[in-house]
Amino acid sequence: MHDLLIIGGGPGGCAAALRAAKGGLSVALFEARQVGGTCLNRGCIPTKALLHGAGPGCDWSALAAEKETVVAALRSGMEKQLKAAKVEVVPAQAVITGPHTVRTSDGVPWEGTSLLVAVGSYPALLPLPGMDLPGVVTSDGLLEDIRPRDRLLIIGGGVIGVELAWVWASAGCRVTIVEALDRLIANLDRELSQSLTMELKRLGVTVYTGASVAEIVPGPAVRFTHKETEQVLAADTVLVAAGRRPATANLFACEAPVLTHGFLKVDQLFRTSIPSIYAIGDAIGGAMLAHKAEAEGEAVADLLLGMVPRRGISPIPSCVYTQPELAQVGLTLDEARAQGIPAVSGKCVLGGNGRTLIEGGKRGFVKLVFHRDSHTLLGAQLCCYRASDLISELTLAVTLGLTAEHLLRPVRPHPTFAEALTQAVEAGLEALEKQA
Ligand code: NAI
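Definitions and cut-offs
Residues numbered from 1 in each chain as written. Predicted model: local features only at pLDDT ≥ 70, side-chain atom pairs only at ≥ 80, totals over all residues. Heavy atoms only, no water. Near = heavy atom within 4 Å. Polar contact = N/O pair within 3.5 Å; in protein donor to acceptor, adjacent residues only side chain to side chain. Areas by Shrake-Rupley, 256 points an atom, 1.4 Å probe, with all protein chains shown as cover. Helix = DSSP H or I, 4+ residues; strand = E, 2+ residues; numbered from the N terminus. Nonpolar A, V, L, I, M, F, W, Y, C, P; charged D, E, K, R; others polar. Domains from an automatic or database assignment. Pairing = 2+ DSSP bridges. Core = buried A, V, L, I, M, F, W, Y, C linked by side-chain atoms within 4.5 Å. Buried < 20%, exposed > 50% of the residue type's maximum accessible area, 1.4 Å probe, protein only. Axes fitted to C-alpha atoms, helices over the stretch in contact; angles between N-to-C directions. 1 Å grid on protein atoms, 1.4 Å probe; cavity = no way out; pocket = protein on both sides within 12 Å on 5 of 7 lines; lining within 4 Å. Points joined across faces, edges and corners; volume = space filled by probe spheres on them. Parallel < 35°, antiparallel > 145°, perpendicular 65-115°, else oblique. Left-handed = near helix turned anticlockwise from the far one by under 90°. Contact = heavy atoms within 4.5 Å.

## Structural notes on the site of the ligand
Reasoning step 1: Around the ligand lies a shell of 24 residues, among which Ile160, Glu179, Val213, Gly243 and Cys319 are the nearest.
Reasoning step 2: Here a nitrogen atom of the ligand sits 3.1 Å away from a polar atom, N or O, in the main chain of Ala180.
Reasoning step 3: Considering the ligand on its own, with 860 Å² of exposed area, one finds that the protein chains cover 79% of that surface.
Reasoning step 4: Per element, the largest residue contribution to the shell around the ligand is 3 residues, and it comes from helix α6 (residues 159-170).
Reasoning step 5: The class makeup of the residues in the shell around the ligand is 15 nonpolar, 5 polar and 4 charged.
Reasoning step 6: No fewer than three residues from each of domain 1 (2-123 + 244-304) and domain 2 (136-240) sit in the shell around the ligand.

Listed below in structure tokens is the structure:
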């Protein structure tokens, strides 16, 4: 009998396993594919490695090899950490057979005081004709077969569609994105979305928004309606990047806990409707991000160790690794106003930022959203170099409820991108004074 059985060895499952095992619990972790899950093997890490290396005239086989080297190094690092922490890694598919029991694909039964479902998600296929045609792939297929594509057509302008469009377009391939909603990455601040669309077009990507794909026909070619005109675009590869589904189907060989559209319903302590079964990460919905799953995994381990979770699980920052990078945390001005929160924003455009000019001069901005009365930072939206790093300072500020006055206090080094934060805070304070 183990203290904890974890199903799924992605970022969430591994974080939970390490924390629980280091805290003295006996832990078995079941992983049918590779430790590291989607993020490390078929998601964030390979994509970011490609974004880093892709460019005009790049050597595709060298790029694929570099991506593999990074993935293998990180995977082996995680395997070593799990081993050192004495986590029993079981390389097998597992099904849950009861509130305290699991069975692996070879028929072996396992018992645990608690179970943690950290099974993640898989790319969703659309309920449209033509999904199984040759040349139609999901991000899994595209990332397994790194080579130039003559015409890459991407269905879905969410983060996956956009980042993979960036890789192939920056290497000179013809790329088209067809997005059903009226803008790319619709959960981003509107201005971030607009800047992104502009940069993609500058890179040569054709973007159709407000264009829902109706079918894929042999070729493959994609049929959709844009501005009331039917279009049929041929491609050599069609990437379906239209969201992800929780990997909870066939997971329960017993009565399952409550699920909503396949997502496990959990309470604030990550307990499903069966109290001994916890769930985290993509399988419970919300932002499908590795760092969210990790924070949740650690929180569950802390709870099982009888502790108050050490790490916050909100707000969750999100980043898009284009150039410039995009990052946001907390509320946008529109979201705050929609929730009836009196909010004011301060914006700094990076045209006069020395470091930005030195490193290529791409346009960018930092927007900060403050509560009108308390001056606390409610959210931040960044479009600039290193946005994915700068967002951490702002995530800390939102997490701790810091005010504009707090954010103005630290001296930020010169010349850095971070100086834009000081200027955006000053702009915010001016706007707050006007509203007072
Ligand atoms: P998504 O849900 O973010 O975007 C899918 C897009 O496809 C939507 O905008 C939707 O309107 C569009 N769509 C759906 N059906 C369509 C149709 N028939 N025709 C045209 N467009 C259609 O999903 P995505 O991009 O697949 O990403 C999945 C998850 O992975 C997201 O939660 C994302 O946050 C996460 N992720 C995050 C990354 C990051 O933070 N850098 C990187 C990669 C993934």
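## Considerations on the pairing of strand β14 (residues 229-234)
Reasoning step 1: In terms of strand pairing, strand β13 (residues 221-226) meets β14 through 6 bridges, oriented antiparallel. Paired with His226 across the bridge in β14 is Thr229.
Reasoning step 2: A loop of 2 residues connects β13 with β14, the two strands running antiparallel in sequence, and Lys227 in this loop sits at a positive phi of about 50 degrees.

## Topic: the nonpolar core
Reasoning step 1: Ile6, Val27, Phe30, Ile96 and Val102 are the most contacted members of the largest nonpolar core, which totals 43 residues.
Reasoning step 2: Looking at this core, the elements with two or more residues in it are β1 (2-7), α1 (11-22), β2 (27-30), α4 (60-84), β4 (94-98), β6 (109-117), β19 (277-279) and α8 (290-304).
Reasoning step 3: Counting residues per element, this core draws most heavily on α1, at 6 residues.

## With respect to the sheet that holds β14
Reasoning step 1: The strand order across the open sheet built from 3 strands is β12-β13-β14, with neighbouring strands paired in antiparallel fashion. The sheet is open, and its two edges are formed by β12 (213-217) and β14, each paired on a single side. On average, adjacent strands in this sheet sit at an angle of 20 degrees to one another, irrespective of strand direction.
Reasoning step 2: Pairing analysis gives 4 bridges linking β12 to β13, with the strands arranged antiparallel. Residue pairing in the sheet places Glu215 in a bridge with Arg223 of β13.

## A closer look at the layout of surface pockets
Reasoning step 1: In this structure, the second largest pocket encloses a volume near 310 Å³.
Reasoning step 2: The wall of the second largest pocket is formed by 15 residues, among which His52, Tyr321, Thr322, Gln323 and Glu325 lie closest to the centre.
Reasoning step 3: If you list the elements that add at least two residues to the lining of the second largest pocket, you get α3 (44-53) and α11 (387-400).
Reasoning step 4: Top element by residues in the lining of the second largest pocket is α3. It accounts for 3 residues.
Reasoning step 5: Grouping the constituent residues of the lining of the second largest pocket by class yields 6 nonpolar, 4 polar and 5 charged.

## So, the packing of α1 against α4
Reasoning step 1: Relative orientation of the contacting elements α1 and α4 amounts to 30 degrees, with a least axis distance of 9 Å. By the angle between their axes, α1 is roughly parallel relative to α4. Pair α1 / α4 crosses with left-handed handedness. Listed contacts from α4 to Cys14, Ala17 and Leu18 of α1 are Met78, Gln81 and Leu82.
Reasoning step 2: Partitioning the contact of α1 with α4 into residue classes produces 5 nonpolar, 1 polar and no charged.

Just geometry here; none of it tells us what the structure is for.
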